[in-house]
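Structural description and commentary
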Number of protein chains: 2
Amino acid sequence: MKTDFKNITIIGIGLMGSSFALALKAKGFRGRITGIGRNRKNLVKAKRLGIIDDYTTEYTDGIKNADLILLAVPVGRFETIVKNIRKEIKKGAIVTDVGSVKAQIVKKIGPLMPEGVHFVGGHPIAGKECSGIKCASAGLYRNARCVITPGRNTNNTALKKVISLWKTVGADTVLMTPEEHDIVFGAVSHLPHVIAYALVNGITKVEDSILNNGGRGLRDMTRIALSPPELWRDICAHNRKNILRSLKKFSSSVTRVTRLIEKSDWPGLEKEFRKAREARQGLE
Amino acid sequence: MKTDFKNITIIGIGLMGSSFALALKAKGFRGRITGIGRNRKNLVKAKRLGIIDDYTTEYTDGIKNADLILLAVPVGRFETIVKNIRKEIKKGAIVTDVGSVKAQIVKKIGPLMPEGVHFVGGHPIAGKECSGIKCASAGLYRNARCVITPGRNTNNTALKKVISLWKTVGADTVLMTPEEHDIVFGAVSHLPHVIAYALVNGITKVEDSILNNGGRGLRDMTRIALSPPELWRDICAHNRKNILRSLKKFSSSVTRVTRLIEKSDWPGLEKEFRKAREARQGLE
């Protein structure tokens, strides 16, 4: 495999970061992959498993030879990390990420890049509720969409290299502006996560230990409530406006069905359900 | 296989009814299974596939020799059907059902039984979004829970026979009162279905064709929005009070997270997410 990068440093050796490393290795990547994190035990394990070639808990040490730096920690930590490492980033290097929010990230991180270093935002639509290297897989990004979000100031060469890198690990790349990305994923991803958490809490409010009675439908609907709370807290903080807007539309849909049930308007309710079913049928 | 029944008539040869027939046959049931429905083409197909031994679109014809009658149509049709067939039900026969609501059914259907005929309510927690005999399987009820809901007037011998029948097809039976059943399933099943439909409609309100951008999380969360609208309309109509009560608890959870996001109370939001995640972890 040929890539534009010789040394790749991944900051955050969790599910996303280690799956990225595994995918590169599975494709025959011959460069060096360095893992950076705060948990040395996790890094040692990742090296022992052959996920990374090298590791350090010293961020500036770990990035100084990197041709590509991938940010794979919760988005709430990006700014602090980049401020900490920016002066040591090699000229010509590219910084990219796997964060689920984009507008604020591109706006905050882009301008922190030193001369000759380029930031390109990315968001692979892949993941599991299970987190950490124990769940990592070389196939996580295979056939997954990866949204790349160039802003007005994004360097075109860097953009092309990041697109090509994601294609290497099997992803289908899609371009969106950071703002467009956040509207879309505020609705189709962030909203459902918030609702899954709220649904579990709503059900346990009816009766404390009632959840166990649920079948496959309930399991499917609440599976994403197993996702890491700190990650989704950060995503809500970084896409607050769009998530609030989506929550408003959703709440008005809930109010609508509630009213129909209150009024015993069964034909109206069926119509509402049918509309949803038809829209959902387009999805698979 | 030994059962208490020689002739079994299933009213409604859809997913639930035909899977029940297939399960009985897979267990070596030697009696006769008659299918009743309104769609002759479907019945012909079911017979050709060996799901049923016999069929008719004449309800009274189809039930007069039955030792057991299983109602496997949407709950909204139970009352009309039972009123239509009741005088022809054989003395000693048992009538049971697979309906997702119980209190109103037990209250309405129980008293319609003629002398010597007993109704026992049942609700197997099994199903698919895919409906009809094309999705039927002999294993649908294997290891599924089946809630049996005796009321104050339920005949004890009939109850035992119905329990034993569900055990025969592989289900784990659980006893609840009809009222208890409706509170529990109003929360863990009916509410999630209503919310799945509302979620799809809420998302398409943000942008019309946005749904396609979703990943596995969205697919999982909205899968049950593929369920038959007329079935869920009937369930809402028959468990209106409990569903409204669950919707109220859920809406207050949604309001809570919305407020936390509005106030940018990120520690508070994380706590809310964490509570949900812990409750959900108990589920699998």
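Residues numbered from 1 in each chain as written. Chains lettered and ligands numbered in written order. Predicted model: local features only at pLDDT ≥ 70, side-chain atom pairs only at ≥ 80, totals over all residues.

**Quick look at helix α1 (residues 15-26) of chain A**
Since one α-helical turn is 3.6 residues long, residues separated by three or four positions face the same way. Residues and elements named next belong to chain A. End to end, α1 covers 16 Å across 12 residues, agreeing with the expected 16 Å (1.5 Å per residue, within 8%). Those residues of α1 that sit buried are L15, M16, G17, S18, S19, F20, A21, L22, A23 and L24. Next to the buried residues of α1 lie β1 (7-11), β2 (32-36), α2 (40-48) and β4 (68-71). (Helix = DSSP H or I, 4+ residues; strand = E, 2+ residues; numbered from the N terminus. Expected span 1.5 Å × (residues − 1). Buried ≥ 20, exposed ≤ 12 C-beta atoms within 10 Å, placed from the backbone. Contact = placed C-beta atoms within 7 Å.)

**Thoughts on the relation of the copies chain A and chain B**
Structural alignment of chain A on chain B gives an RMSD of 0.0 Å, achieved by rotating through 180° and translating 0.0 Å along the axis. Expressed as an axis order, the relation between the two copies is that of a two-fold axis. Within chain A, the C-alpha atom positioned nearest to the axis of rotation is that of M221 of chain A, 2.1 Å from it. (Least-squares fit on C-alpha atoms with pLDDT ≥ 70 in both.)

**Digging into the pairing of strand β8 (residues 172-175) of chain B**
Residues and elements named next belong to chain B. Alignment of strand β7 (residues 145-149) against β8, held across four bridges, turns out to be parallel. Directly across from R145, in β8, lies its bridge partner D172. One crossover worth recording links β7 to the parallel β8 by way of helix α6 (residues 156-168), and it is right-handed. (Pairing = 2+ DSSP bridges. Right-handed = clockwise from strand over helix to strand, strands pointing away.)

**What about the interface of chain A and chain B?**
Accessible area lost upon the coming together of the parts serves often as the stated size of an interface. At the interface, 74 residues of chain A touch 74 residues of chain B. Contributions of two or more residues to the side of chain A that touches chain B are made by α7 (178-206), α8 (216-222), α9 (229-238), α10 (240-262) and α11 (266-281) of chain A. Considering every element that reaches the side of chain A that touches chain B, the biggest residue donor is α7 of chain A, with 20 residues. Considered class by class, the residues forming the side of chain A that touches chain B number 39 nonpolar, 18 polar and 17 charged. (Nonpolar A, V, L, I, M, F, W, Y, C, P; charged D, E, K, R; others polar.)

**Thoughts on the sheet that holds strand β3 (residues 54-56) of chain B**
All names here are of chain B. Spatial strand order, β3-β2-β1-β4-β5-β6-β7-β8: eight strands in an open sheet with mixed pairing. The sheet is open, and its two edges are formed by β3 and β8, each paired on a single side. Averaged over all adjacent pairs, the angle separating strand axes in this sheet is 25°, with direction ignored. (Axes fitted to C-alpha atoms, helices over the stretch in contact; angles between N-to-C directions.)

**Some details on unusual backbone geometry**
Residues and elements named next belong to chain B. Even without being a glycine, N143 presents a positive backbone phi close to 65°. Looking at the secondary structure, you find N143 in the loop between β6 (118-124) and β7. Owing to 9 C-beta atoms within 10 Å, N143 belongs among the exposed residues under this scheme. If you check the backbone angles, S264 has positive phi at about 50° while not being a glycine. Summarising the element assignment, S264 is placed in the loop between α10 (240-262) and α11 (266-281). A tally of 11 C-beta atoms within 10 Å means that S264 is categorised as exposed.

**A word on the environment of I109 of chain B**
All names here are of chain B. Here I109 lies in helix α5 (residues 103-109). Residue classification places I109 among the buried residues on the basis of 23 C-beta atoms within 10 Å. Remark: the alpha-carbon pair of I109 and F78, spanning 31 residues in sequence, is separated by 7.7 Å. Once residues lying within four places of it in the same chain are set aside, the contact partners of I109 are F78, V82 and F119.

**Here we look at the domain arrangement of chain A**
All names here are of chain A. Domain boundaries in chain A define domain 1 (7-173) and domain 2 (180-281). Inter-centroid distance (C-alpha atoms) of domain 1 to domain 2 is 31 Å. No other element matches the three residues that helix α5 (residues 103-109) contributes to the side of domain 1 that touches domain 2. Considering only residue class, the side of domain 1 that touches domain 2 consists of six nonpolar, six polar and two charged. (Domains from an automatic or database assignment.)

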